[in-house]
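Architecture and fold: a report
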Amino acid sequence: MSSSPILACVDLHKSYTMGRVPVPVLNGIDLEVREGEVLGLVGASGAGKSTLLHLLGLLDVPSRGAVYLRGEDVSSKGGQRRSALRNRELGFVFQFYHLISELSALGNTLLPAMVAPRPWTWLLQRGRERARARALLTRLGLSARLSHLPAQLSGGERQRIAIARALLGNPSVVLCDEPTGNLDSRTGQEIMDLLFEINREQGTTFVIVSHDDRLVRRCHRVARLADGSLEAVYNPQQPPAS
Ligand SMILES: Nc1ncnc2c1ncn2[C@@H]1O[C@H](COP(=O)(O)OP(=O)(O)O)[C@@H](O)[C@H]1O
Ligand SMILES: [Mg+2]
């Protein structure tokens with residue numbers, strides 16, 4: 001594992017406005033995500049974990065401070081440029097899967113390629129993308145479920161589709177927001193195992209928001225947020241007193 005930061009933020013602030021009143025949510029976060037690591041992000045509900053994940057994932061823009069991808073300030077780029085970087089470099093997995101109910105497992109996995117900014121890319125590459133989606137779903141244990149709709153699948157199977165979709169573009173970093181939060185203990189464990197296997201096999205970097213102790217203990221490093229500030233970054237084998 002190399003230790004250069006693939007993703008970083010410096011003095012990151014975020015406020016939401018409620019009516020006219022700004023409500024500060026992140027108060028100056030400095031954090032580096034190292035290439036090839038699994039970084040856990042923990043903290044009480046409302047601490048700002050999802051907000052930070054969205055900012056690191058270029059899904060939202062900071063009120064102040066900057067996000068760096070491979071050393072390049074990406075937060076100040078325009079929306080189109082940020083979308084292009086996001087499509088090329090980042091993948092997302094959410095607690096509630098966010099699948100399209102009318103699309104099959106294969107269709108959902110292919111969605112990022114189908115909505116690529118240049119439609120002709122999809123037309124030219126759909127055969128290859130389809131083969132890749134099939135291979136990914138097979139890798140994730142879903143070879144017999146390719147044409148199933150989300151409603152016909154279990155929670156664990158739906159989350160596997162969401163993982164396949166996140167991996168389709170071969171992202172450098174996958175950002176996960178409570179990926180096992182909606183699953184029973186055993187299924188959660190299987191999803192966890194998959195994420196760590198992908199990290200080992202492909203060197204994909206992961207940032208995972210989680211309340212699940214079993215998952216957090218397996219992370220390479222853990223960052224703890226409290227009230228919008230970074231309270232500690234530590235090795236989960238030697239956690240500081242909280
Ligand atoms: N779109 C929004 N508008 C206003 N307040 C928000 C918005 N999103 C989140 N918040 C507030 O920001 C705080 C942190 O939220 P969040 O990042 O979702 O925390 P966590 O993921 O750690 O539970 C919470 O107090 C939440 O109510
Ligand atoms: Mg959250």
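In this report, the structure presented in the accompanying data block is examined. (Residues numbered from 1 in each chain as written. Chains lettered and ligands numbered in written order. Predicted model: local features only at pLDDT ≥ 70, side-chain atom pairs only at ≥ 80, totals over all residues. Heavy atoms only, no water.)

Let us look at the side chain of Arg86. Residue position: Arg86 is located in helix H2 (residues 79-89). Buried and unpaired, Arg86 has Asp60 as its nearest opposite-charge partner, separated by 9.1 Å. When neighbours within four sequence positions are excluded, Arg86 is seen to be in contact with Gly57, Leu58, Leu59 and Phe92. (Helix = DSSP H or I, 4+ residues; strand = E, 2+ residues; numbered from the N terminus. Buried < 20%, exposed > 50% of the residue type's maximum accessible area, 1.4 Å probe, protein only. Lys, Arg positive; Asp, Glu negative; His and termini not counted. Salt bridge = Lys/Arg side-chain N within 4 Å of Asp/Glu carboxyl O. Contact = heavy atoms within 4.5 Å.)

Here we come to unusual backbone geometry. Even without being a glycine, Arg70 presents a positive backbone phi close to 50°. Within the secondary structure, Arg70 is located in the loop between strand S4 (64-69) and strand S5 (72-73). Of note, the phi angle at Asp227 is positive, near 50°, even though the residue is not glycine. As for its placement among the helices and strands, Asp227 is situated in the loop between strand S9 (221-226) and strand S10 (229-234). Exposure remark for Asp227: the relative accessible area of 70% places this residue in the exposed category.

Another point: the pairing of S10. Taken together, the five bridges between S9 and S10 define a ladder with antiparallel strand orientation. Its bridge partner being in S10, Ala226 is matched across the sheet by Ser229. From the end of S9 to the start of S10, which pair antiparallel, there are two residues, and Asp227 there has a positive phi angle of about 50°. (Pairing = 2+ DSSP bridges.)

Moving on, we come to the site of ligand 1. In the vicinity of ligand 1, the contacting residues are Tyr16, Met18, Val25, Ala44, Ser45, Gly46, Ala47, Gly48, Lys49, Ser50 and Thr51. Contacts to ligand 1 include Ser50, whose side-chain N or O atom sits 2.9 Å from an oxygen atom. Thr51 has a polar side-chain atom sitting 2.6 Å from an oxygen atom of ligand 1. Burial of ligand 1 by the protein chains amounts to 59% of its free accessible area of 560 Å². Broken down by element, the residue count for the shell around ligand 1 peaks at three residues, all from helix H1 (residues 49-56). Its residues assigned to classes, the shell around ligand 1 shows five nonpolar, five polar and one charged. (Near = heavy atom within 4 Å. Polar contact = N/O pair within 3.5 Å; in protein donor to acceptor, adjacent residues only side chain to side chain. Areas by Shrake-Rupley, 256 points an atom, 1.4 Å probe, with all protein chains shown as cover. Nonpolar A, V, L, I, M, F, W, Y, C, P; charged D, E, K, R; others polar.)

With that settled, the discussion passes to the pattern of salt bridges. Applying the stated rule across the entire model yields 15 salt bridges. Arg139 is the salt-bridge partner of Glu201, the closest N and O atoms lying 2.9 Å from each other. Note that Glu201 is positioned in helix H6 (residues 185-202) and Arg139 in helix H4 (residues 119-139), a separation of 62 residues in sequence. Relative accessible area serves as the criterion here: at 31%, Arg139 is assigned to the partly exposed category. Between Arg214 and Asp212 there is a salt bridge, with the nearest N and O atoms lying 3.4 Å from each other. Overall, the relative accessible area of 18% leaves Asp212 in the buried class.

Here the focus is H6. An ideal rise of 1.5 Å per residue puts 26 Å on 18 residues; H6 measures up with 26 Å between its terminal C-alpha atoms. Taken together, the buried positions of H6 are occupied by Thr187, Gly188, Ile191, Met192, Leu194, Leu195, Phe196, Ile198 and Asn199. Next to the buried residues of H6 lie strand S3 (38-42), H4, helix H5 (155-167), strand S7 (173-177), strand S8 (205-209) and helix H7 (213-218). The opening residue of H6, the one whose side-chain oxygen lies 3.1 Å from the backbone nitrogen of Arg186, is Asp184. (Expected span 1.5 Å × (residues − 1).)

Counting 41 residues, the largest nonpolar core has Ile163 and Phe206 as its most contacted members. In this view, Phe206 contacts Glu37, Val38, Leu39, Val174, Cys176, Leu195, Ile198 and Asn199; residues no more than four positions away in its chain are not counted. Core analysis: the second largest hydrophobic core is formed by 30 residues, Cys9, Leu52, Val74 and Val173 among them. (Core = buried A, V, L, I, M, F, W, Y, C linked by side-chain atoms within 4.5 Å.)

A separate point is a nonpolar patch on the surface. Where nonpolar side chains cluster on the molecular surface, the patch consists of Tyr16, Met18 and Val23 and spans about 280 Å² of accessible area. One can find Val23 in strand S2 (residues 21-34). Its relative accessible area of 33% is what places Val23 among the partly exposed residues. (Patch = residues over 30% accessible without salt bridge, like charges linked within 9 Å, V, L, I, M, F, W, Y side chains within 5 Å.)

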